[in-house]
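For reference, the chains in residue letters:
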Amino acid sequence: LSYAWIFNEYPSFVLQDSRRFVSQETGNLYIAKVESSDVGNYTCVVTNTVTNSRVLGPPTPLVLRNDGVMGEYEPKIEVQFPETVPSAKGTTVKLECFALGK
């Protein structure tokens, strides 16, 4: 499976950059330091890479709060690493780690 996200309408896909990341492990979309230009509807697209068939999830709205209130929660690190990661010599291994909180 591969994951992508549409921003508002097809064919406007979310491009990964220094603030946006799409996990190919979980399909999650991460946006750091949300800005007003990020406001809109996000739709997950899951593609079966064998059959090339696609399924779209329902649109999820992102709304920017105007009241200045931000949820306060202690920082935490989210990792889902397996105990061991077997790999062949010379191959690349990618581990995803996210820091959340304020």
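In the block above lies the structure referred to throughout.
Residues numbered from 1 in each chain as written. Predicted model: local features only at pLDDT ≥ 70, side-chain atom pairs only at ≥ 80, totals over all residues. Heavy atoms only, no water.

1. Focus on the side chain of D38
With respect to the secondary-structure elements, D38 resides in the loop between strand 3 (29–31) and strand 4 (40–47). D38 gets classed as buried once you look at its relative accessible area, which sits at 1%. Among the polar contacts made by the side chain of D38, one reaches the side chain of R20 at a distance of 3.0 Å. From its side chain, D38 meets the backbone nitrogen of E35 in a polar contact 2.8 Å long. (Helix = DSSP H or I, 4+ residues; strand = E, 2+ residues; numbered from the N terminus. Buried < 20%, exposed > 50% of the residue type's maximum accessible area, 1.4 Å probe, protein only. Polar contact = N/O pair within 3.5 Å; in protein donor to acceptor, adjacent residues only side chain to side chain.)

2. Concerning the pattern of salt bridges
One side chain can pair with another of opposite charge once the charged atoms of both are near each other. If you walk through the whole model with that rule in mind, you get 4 salt bridges. With a closest N to O distance of 3.7 Å, R19 and E35 form a salt bridge. Remark: E35 occurs in the loop between strand 3 and strand 4 and R19 occurs in the loop between strand 1 (2–7) and strand 2 (20–22); sequence separation between them is 16 residues. Residue R19 is classed as buried on the basis of its relative accessible area, which comes to 15%. Using a relative accessible area of 38% as the deciding quantity, one classes E35 as partly exposed. The salt bridge partner of D38 is R19, with a shortest N-O separation of 3.0 Å. Of this pair, D38 sits in the loop between strand 3 and strand 4 while R19 sits in the loop between strand 1 and strand 2, and the two are 19 residues apart along the sequence. (Salt bridge = Lys/Arg side-chain N within 4 Å of Asp/Glu carboxyl O.)

3. Notes on the nonpolar core
Generally speaking, nonpolar side chains in soluble globular proteins are found buried as a group. Within the largest apolar cluster, 8 residues are counted, these being Y3, W5, F7, V14, V22, Y42, C44 and L62. Considering each element in turn, this core owes the most residues, 3 residues, to strand 1. Sequence-distant contacts of C44, defined by excluding residues within four places in its chain, comprise Y3, A4, W5, V55, L56 and G57. (Core = buried A, V, L, I, M, F, W, Y, C linked by side-chain atoms within 4.5 Å. Contact = heavy atoms within 4.5 Å.)

4. A look at a nonpolar patch on the surface
A contiguous nonpolar patch, built from I77, V79, F81, V85, V93 and L95 and spanning about 510 Å² of accessible area, is present on the exposed surface. With respect to the helices, strands and loops of the structure, V79 is situated in strand 7 (residues 76–79). Owing to a relative accessible area of 42%, V79 belongs among the partly exposed residues under this scheme. (Patch = residues over 30% accessible without salt bridge, like charges linked within 9 Å, V, L, I, M, F, W, Y side chains within 5 Å. Areas by Shrake-Rupley, 256 points an atom, 1.4 Å probe, with all protein chains shown as cover.)

5. Here's the deal with unusual backbone geometry
The phi torsion of most residues other than glycine is negative, and most of the peptide bonds are trans. The amide bond that connects Y10 to the next residue, P11, takes the cis arrangement and shows omega of 10°. Of note, the phi angle at N8 is positive, near 65°, even though the residue is not glycine. As for its position among the elements, N8 is in the loop between strand 1 and strand 2. A relative accessible area of 41% means that N8 is categorised as partly exposed. Of note, the phi angle at N52 is positive, near 60°, even though the residue is not glycine. With respect to the helices and strands, N52 occurs in the loop between strand 4 and strand 5 (54–56).

6. A closer look at the environment of V22
Within the secondary structure, V22 sits in strand 2. A C-alpha to C-alpha distance of 7.2 Å links V22 and Y3, two positions 19 residues apart in sequence.

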